[in-house]
Amino acid sequence: MTADPTLDPSQATDFVAALARSARAAQREVAGATREVKDAALAAMALALLEQEPAILAANAVDLERARQEGMKEGLVDRLALSSERLSGIASALHEVASLPDPVGQVIDGQTLPNGLRVRRLRVPLGVVGVIYEARPNVTVDVAALALKSGNAVLLRGGHAAEHTNAAIVATLRGALESAGLPPELVATVDPAGRAGASALMQARGLVDVLVPRGGAGLIKAVVESSSVPVIETGSGNCHVYVDASAVLEDAVAIIVNAKTQRVGVCNAAETLLVHRQVAATYLPQAARALWQRGVVLHADDATREILEQEAVAAGASQLLVAASQEDWETEYGSLDLAVRVVDDVDAATEHIRRYSTGHTEAVLSQDLAVVRRFTAGVDSAVVMVNASTRFTDGGQLGLGAELGISTQKLHARGPMGLAALTTTQWLVEGEGHVRP
């Protein structure tokens, strides 16, 4: 499915509006569906993905070839790439979502007032959710699964880079929904309208209830500034790891390597390493050698370079040690690059983080409880890791089954967004002929 170059903005508006109205009608049907019906549909979607693996991987191969021809960074290519193993993992996530409690109708709180009125606050679906994202075909499935389980419909804009993959996945999911007795309009894509479709989605206030951008800082900023639809803002990930004087050396090295290199193109990969001055001469050489073995370029401050210059020469890695600039502290690389700085103490580390963090994930490696408490109190990010890799900031890893994105704002949802984040609340007030005096 490719973008239609003849579609002008007015046509795109009509196209998206028609999709949204169909999604609204479908959402009303699924809003009252039982858990059994929704879970059966999720199982059907998982099975369909595996059955359609050849077609999905063939479509993904087309996108990957074009991405490389267009010079996409390898970290982003990796994020775009699917394999049998990855597709199997995506299908397994559907079963994990099915195993979770149904959030719709959950009672959040309630009471009986002195006048006898019974008051409860319940979870209800948001309605029609729009999602704009880049080069992440797994998001297509994660969002569809979470939306279905929480009684919502979704309109997707997966972007140019993954258009063939997303078209194949959306067609597969819609077929599975229909086979399970639910309307296929619960999952739809505006990709046929290209960028004009994305713009129309952002202006579909009244037809779309909420919009979630998921991608780089530029995409998120564009959606936040251009959208008339309410936005749940996900954030870019300039994530930090602070190694305290009391950190266990072997654990620290393993965590740093994992946080930086396990997958470099994701938003929860570490981008800056801060090391306590007292242990920098001990910790940095071991961490650097492990990172250099994996091809990581260290963008180092003066103190770090002084410690590592001879190590770099001895390791034949001089080209992997460069001077840090002001820009490095502000950068989400999405590549095998890591900014490194020596700091005096935990207060200096938190000061650096407060200045440069995007509010996503920060990690402290320390055996000193007072330091941990000072760090967790001093940083204001959605997730704080203690003696663990930043890569655990993920809905699947934190028990949500899948995630809509990582919210870095403070309204409604923060951190990994699972089923609860796709609901709002409704007050249910029951009386027995009550009138207000």
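Residue indices begin from 1 for each chain and proceed along its sequence in written order. For a predicted model such as this one, the threshold for reporting local features is a pLDDT of at least 70, and the threshold for listing and counting side-chain atom pairs is 80 or more; totals across whole chains, interfaces and linings nevertheless cover every residue. The side-chain figures draw on all heavy atoms in the structure; neither hydrogens nor water molecules are used.

1. A closer look at the overall build of the protein
To qualify as a helix, a DSSP run of H or I must reach at least 4 residues; to qualify as a strand, a run of E must reach at least 2; elements of each kind are numbered from the N terminus. The helix and strand tally for the protein stands at 15 helices and 16 strands. Against the 2.2 N^0.38 benchmark of 22 Å for 437 residues, the protein shows a C-alpha radius of gyration of 24 Å, consistent with a compact globule. With respect to the principal axes defined by its C-alpha atoms, the protein has extents near 75 × 65 × 35 Å. Note on areas: Shrake-Rupley, 1.4 Å probe, and residue coverage restricted to the protein chains presented here. For the protein, the exposed area adds up to about 18,600 Å²; of that, 51% sits on carbon and sulfur atoms. Both charge centroids of the protein, one from 37 positive and one from 51 negative side chains, sit 5 Å from each other. Atoms considered for the radius of gyration are the C-alpha atoms alone. The globule rule reads 2.2 Å times the number of residues to the power 0.38. Only four residue types enter the tally: Lys and Arg on the positive side, Asp and Glu on the negative side; His and the chain ends are excluded. Where a charge lies is defined by one atom per residue type: Lys uses NZ, Arg uses CZ, Asp uses CG and Glu uses CD.

2. Some thoughts on empty space enclosed by the protein
In the cavity and pocket records, a cavity denotes points on a 1 Å grid over the protein atoms alone where a 1.4 Å probe fits but cannot get out, a pocket denotes an open set with protein on both sides within 12 Å along at least 5 of 7 lines, and lining residues are residues with an atom within 4 Å of a point. Grid points are joined across faces, edges and corners, and a volume is the space filled by probe spheres set on the points. Throughout the structure, instances matching the rule amount to two cavities of 30 Å³ or more. Lining the largest cavity are R136, R214, G215, T234, G235, C267, G405 and I406. Each residue is assigned to one class: nonpolar for Ala, Val, Leu, Ile, Met, Phe, Trp, Tyr, Cys and Pro, charged for Asp, Glu, Lys and Arg, and polar for all the others, Gly among them. Grouping the amino acids of the lining of the largest cavity by side-chain chemistry returns two nonpolar, four polar and two charged. Within this model, the second largest cavity holds a volume of roughly 40 Å³. In this structure, the second largest cavity is lined by V243, A252, V253, I256, L273, V275, Y283, L284 and A287.

3. A word on the domain arrangement of the protein
The source of the domain bounds is an automatic or database domain assignment. Domain boundaries in the protein define domain 1 (9-233 + 414-430) and domain 2 (239-398). By the convention used here, residues are in contact when the closest approach between their heavy atoms is within 4.5 Å. Taken together, the contact pairs nine residues of domain 1 with 13 residues of domain 2. Between domain 1 and domain 2, roughly 850 Å² of surface is buried when both sides are summed, and carbon and sulfur atoms account for 49% of that area. Three residues, G75, R414 and P416, lead the burial of domain 1 against domain 2; their summed loss comes to 48% of the area buried on that side. Buried area: the accessible surface (1.4 Å probe) lost by two parts on joining, summed over both.

4. Re the layout of surface pockets
Estimates place the volume of the largest pocket at around 880 Å³. Along the wall of the largest pocket there are 31 residues; nearest its centre are N138, D142, R263, R391 and D394. Those elements that place two or more of their residues in the lining of the largest pocket are α5 (84-99) and α6 (137-149). Across the lining of the largest pocket, the residue classes break down as ten nonpolar, eleven polar and ten charged. If you count residues domain by domain, the lining of the largest pocket takes at least three from each of domain 1 (9-233 + 414-430) and domain 2 (239-398). Space inside the second largest pocket adds up to approximately 620 Å³. Counting only elements with at least two residues in the lining of the second largest pocket, the list comes to α4 (74-80), β3 (128-133), α8 (194-202) and α9 (217-226). Among the elements that make up the lining of the second largest pocket, the one with the highest residue count is α8 (four residues). When its residues are assigned to classes, the lining of the second largest pocket shows 15 nonpolar, ten polar and seven charged.

5. Overview of the sheet that holds strand β16 (residues 423-430)
The antiparallel open sheet is built from three strands, whose spatial order is β1-β2-β16. In this open sheet, the two strands that pair with only one neighbour each are β1 (107-112) and β16. Neighbour to neighbour, the strand axes of the sheet diverge by 20° on average, direction disregarded. Any two strands with at least two DSSP bridges between them are considered paired. Of the pairings in the sheet, the one linking strand β2 (residues 118-125) to β16 comprises eight bridges and is antiparallel in character. What sits directly across from R121, in β16, is W427. A fitted line through C-alpha atoms serves as each axis, taken over the contacting stretch for helices, and the angle formed by two N-to-C directions is quoted from 0 to 180°.

6. Digging into unusual backbone geometry
The residue A135 is not glycine, and still its phi comes out positive at about 50°. Along the chain, the position of A135 falls in the loop between β3 and α6. One non-glycine residue with positive phi stands out, namely N387, at about 55°. In this fold, N387 is placed in the loop between β13 (383-386) and β14 (406-407).

7. So, the UniProt feature "coiled-coil region" (unreviewed entry) in the protein
UniProt annotation of "coiled-coil region" (unreviewed entry) refers to residues 16-43 when read in the numbering used here. Taken end to end, residues 16-43 is 89% helix and 0% strand, and its two terminal C-alpha atoms sit 29 Å from one another. UniProt positions are given in the numbering used here, feature names are shortened, and annotations may be inferred rather than shown by experiment.

8. Focus: helix α3 (residues 53-69)
With 17 residues, α3 extends 24 Å between its outermost C-alpha atoms, agreeing within 8% with the 24 Å of an ideal straight helix rising 1.5 Å per residue. Taken together, the buried residues of α3 touch α2 (35-51), α4, α5, α6 and α7 (163-179). A helix is expected to span 1.5 Å for every residue after the first.

9. Points about the packing of helix α10 (residues 249-261) against helix α11 (residues 277-292)
In the contact formed by α10 and α11, the axes pass within 10 Å of each other and the chain directions differ by 40°. Classed by the angle they form, the pair α10 and α11 counts as oblique. Crossing of α10 against α11: the hand is right-handed. Every residue of α11 that contacts α10 at L249, A252, V253, I256, V257, K260 and T261 is listed here: T282, Y283, Q286, A287, A290 and L291. Class assignment for the residues of the contact of α10 with α11 results in nine nonpolar, three polar and one charged. Note on terminology: angles under 35 degrees are roughly parallel, angles over 145 are roughly antiparallel, angles of 65 to 115 are roughly perpendicular, and the others are oblique. Two helices that cross are described as forming a left-handed crossing if the nearer one is turned anticlockwise from the farther one by less than a right angle, and a right-handed crossing if clockwise.

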